[in-house]
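# Structure at a glance
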Amino acid sequence: MTRHIFVTGGVVSSLGKGLTSASIGMLLERRGLTVRMQKLDPYINVDPGTMSPYQHGEVYVLDDGSETDLDLGHYERFTTGKLNRDSNYTTGQIYQTVINKERRGEYLGRTVQVVPHITDEIKASIRRLASPDVDVVITELGGTVGDIEGLPFLEAIRQIPLDIGKQNCLFIHLTLVPYLKAAGEAKTKPTQHSVQQLRTIGIQPDILVCRTERPIGTEHTDKIALFCNVEKRAVIEEVDKEFSIYEVPMGLVEHRLDELIIEKLGMEAGELDLEDYRELIHRIRNPRHEVTIAVVGKYIDHTDAYKSIYESLDHAGFAHSTRIIVKRVEAEDLERRGAAALLQGVDGILVPGGFGMRGIEGKIQAVQFARENNVPYFGICLGMQCAVIEFARNVMGLADANSSEFAGDTQHPVICLLEEQTGVENKGGTMRLGSQPCVLSEGSRAMAAYGTANVNERHRHRYEFNAQYREKFVHAGMNPVGTSPDGTLVEVMEVDDHPWYVAVQYHPEFKSQPNRPHPLFTGFIGAALLIRQNRPKQLVE
Ligand code: GLN
């Protein structure tokens, strides 16, 4: 019998529900259980694919091409269970399914209502992950308890214990215990209110995880237990981590959260195996080197917009015992102030993915700076397209080279629309998405990094390298060293005579884990480290 854990959040958003859910998933996996993770998002968009990174942060792409919430990135970084379309549902998807059923006549004769039809569909979406070989499904509910749009989801998870037995379900509620400087103490009232709200809906949390800036101690957790009707040992404080998000599971283990969950769900599980993870944490806490990497993008002030990129850089840093200092460079700022003013002295430059015109020229200048000054360069998706444009303009002398995404009338569309995209009008879920095979050339840096010629990577794009220019690029020293197996689509470009210059059409950042960093990120940071170590001391500042 598959057990279900539901993780809800209260008081405020951005409490790190995704990280906590992922950490719980990791601990259960490391006790030998098979876990499936899932996120339910109460917004009406069918998926986050068409939302601005300002609204939603990064769009995280799965192997099967689903465009999902960035919390799924945490799940994949912390756990090993496969994610797919069923791992992220939104209100939009649920309603779309119900309305389609109604049109097909599946509810013939009945009035279609939020309860039971929408709630039944939500329950079915949760139960879809249960199967004989899955021990636990962890379902995280987006938003905060009390949001109007979250109500059908809460009602659905309230009903599940009635369907499958209370003993097979566990409700974990994440709240904030703020520290009030003026009063000089932590306050439990917001937590009490948020649990009260949950109980009004009919959900009694079994475990409370209390986010705090500083330790609050049993005096406060005991009080929370009493007022919230939760066992004392099930009120767990989760103090902000000093070094890294990867320490979150360790904090939960200290409070024996894994044991508590397993006991409450009446499961049998193995010993907790954290040996390699403790070693990882030791490396994270004690870096021996440091490099500065410039990330040149257009959502630089938004931490979540390039989440997986920042995490992947850190993972590669862990492998090299190197602390990564990310210098976030706003592409438009670079256009105004010039590349040298912002990039002088960095050890590596990365241009991530993106859409639309804004900041493009700044990104192109960043690539030029990297190429001309022998700074390791890593281009990802749009970062590869900018690299191709830069090379065409400044090395091949094609002054107006551009992407047809930005200049439909350019003489030299070195980046052009993918053939399969011609005539596609709908914006949602229509890009070239998900895992695709790529074949790498012998002798390339990419192949050296991966250690194999055949790789699979995730994509999310509409434009591609224009094959008509292939010979000309090779002739000038920029080589397509990775292509689709039939050779038609260019996936990886490298430049000769440079310490490390790799540009990829795909998104390697979606496949990096803290203890299994992505080979291209590891190669990039390795090259940056060499640059740093060989640089005359006075320039390091
Ligand atoms: N805008 C570019 C395209 O659609 C790049 C996309 C991306 O960086 N994800 O091809």
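Bear in mind the structure is a predicted one, so any value in this text is a computation, not a measurement.

## Structural notes on the overall build of the protein
- Regarding its fold elements, the protein presents 20 helices and 23 strands.
- Projecting the C-alpha coordinates of the protein onto the three principal axes gives extents of approximately 70 × 65 × 45 Å.
- Within the protein, buried positions represent 58% of all 541 residues.
- For the protein, contacts bridging at least 24 residues in sequence account for 74% of all contacts bridging at least 6.

## Some points on helix α15 (residues 360-372)
- Helix length check: α15 (13 residues) gives 18 Å between terminal C-alpha atoms against 18 Å at 1.5 Å per residue, within 8%.
- Every buried residue belonging to α15 is among I360, G362, K363, I364, A366, V367, F369, A370 and R371, and all of these are buried.

## Looking at the side chain of H498
- If you trace the backbone, H498 turns up in the loop between β22 (490-495) and β23 (501-504).
- Of the polar contacts made by the side chain of H498, one reaches the backbone oxygen of V375; its length is 3.2 Å.
- If near-sequence neighbours (up to four positions away) are discounted, H498 is found in contact with A370, R371, N374, V375, P376, Y377 and R445.

## Describing the sheet that holds strand β13 (residues 322-330)
- Strand order in the open sheet formed by 9 strands is β13-β12-β14-β15-β23-β22-β21-β18-β19, with mixed pairing between adjacent strands. For this open sheet the edge positions go to β13 and β19 (454-461), each flanked by a neighbour on one side alone. On average, each strand axis in the sheet is tilted by 30° relative to the strand beside it, whichever way the strands run.
- Here strand β18 (residues 432-440) runs beside strand β21 (residues 478-483); their pairing, made up of 2 bridges, is antiparallel. Bridge pairing in β21 links L440 to G482.
- Running over the sheet, helix α12 (residues 307-319) touches β12 (289-297), β13, β14 (348-351) and β15 (377-380) and is turned about 155° from β13.

## With respect to the nonpolar core
- Of all hydrophobic cores here, the largest spans 57 residues; its most connected members are I5, L28, I138, I172, I207, I261 and Y277.
- Here this core takes 6 residues from helix α1 (residues 17-29), the largest share from any one element.
- Apart from the residues lying within four places of it in its own chain, the contact partners of I138 are I5, V7, S21, I24, G25, L28, V35, R36, M37 and Q38.
- Judged by nonpolar contacts, the second largest core, of 43 residues, contains L334, F369, F391 and Y463.

## Description of unusual backbone geometry
- Residue P116 follows V115 across a cis peptide bond; omega there is 15°.
- Residue position: P116 is located in helix α5 (residues 114-127).
- Residues other than glycine seldom take positive phi values, yet N229 does so here, at roughly 65°.
- Tracing the backbone shows N229 in the loop between α8 (217-228) and β11 (235-239).
- Judged by its relative accessible area of 48%, N229 is partly exposed.
- Despite not being glycine, R256 shows a phi value in the positive range, around 55°.
- Among the structural elements, R256 can be located in the loop between α9 (248-254) and α10 (257-264).

## Quick notes on the packing of aromatic side chains
- Scanning all chains against the criterion turns up 14 aromatic pairs.
- Their ring planes at 85° and their centres at 5.8 Å tell us that Y246 and F318 sit as a pair that is edge-to-face. Placement of the pair is Y246 in the loop between β11 and α9 and F318 in helix α12, with a sequence separation of 72 residues. Residues Y246 and F318 agree in their burial class; the two are buried.
- When the centroid spacing of 5.1 Å and the interplanar angle of 80° are considered together, the rings of F465 and F473 count as edge-to-face. When sorted by exposure, F465 lands in the same class as F473, which is buried.
- Among the aromatic residues, those joined into a cluster by ring pairs are Y54, Y299, Y306 and Y310.
- Lying across the ring of Y179, R214 places its NZ or CZ 3.6 Å from the centre.
- Positioned over the ring face of Y299 is R358, at 6.0 Å from the centre of the ring.

## Some words on the sheet that holds strand β17 (residues 413-417)
- Strand order in the open sheet made by the 3 strands is β16-β17-β20, with mixed pairing throughout. Only two strands of the sheet have a single partner each, and these edge strands are β16 (402-403) and β20 (463-465).
- Here β17 pairs with β20 via 3 bridges, running antiparallel. Residue pairing for β20: I415 is matched across the bridge by F465.

## Notes on the environment of T191
- Note that T191 resides in helix α7 (residues 189-201).
- For T191, a relative accessible area of 0% translates into the label buried.
- Taking C-alpha positions, T191 is 29 Å from V114, a pair spaced 77 residues apart along the chain.
- Once residues within four sequence positions are removed from consideration, T191 is found in contact with V11, T175, L176, V177, L208, I224 and C228.

## What about the environment of G353?
- Tracing the backbone shows G353 in the loop between β14 and α15.
- Residues G353 and L382, spaced 29 residues apart in sequence, show a C-alpha to C-alpha distance of 4.4 Å.
- Once residues lying within four places of it in the same chain are set aside, the contact partners of G353 are Y306, I380, C381, L382 and H507.

## Brief notes about the side chain of E155
- With respect to the helices and strands, the residue E155 is situated in helix α6 (residues 151-164).
- Within the local environment of E155, its side chain forms a polar contact with the side chain of Q159, the two groups lying 2.7 Å apart.
- When sequence neighbours within four positions are dropped, the list of residues in contact with E155 reads V115 and T119.

The rules behind each value
- Residues numbered from 1 in each chain as written.
- Predicted model: local features only at pLDDT ≥ 70, side-chain atom pairs only at ≥ 80, totals over all residues.
- Heavy atoms only, no water.
- Helix = DSSP H or I, 4+ residues; strand = E, 2+ residues; numbered from the N terminus.
- Buried < 20%, exposed > 50% of the residue type's maximum accessible area, 1.4 Å probe, protein only.
- Contact = heavy atoms within 4.5 Å.
- Expected span 1.5 Å × (residues − 1).
- Polar contact = N/O pair within 3.5 Å; in protein donor to acceptor, adjacent residues only side chain to side chain.
- Pairing = 2+ DSSP bridges.
- Axes fitted to C-alpha atoms, helices over the stretch in contact; angles between N-to-C directions.
- Core = buried A, V, L, I, M, F, W, Y, C linked by side-chain atoms within 4.5 Å.
- Phe/Tyr/Trp six-rings, centres within 6.5 Å; stacked < 30°, edge-to-face > 60°.
- Lys NZ or Arg CZ within 6 Å of the ring centre and 35° of its normal.

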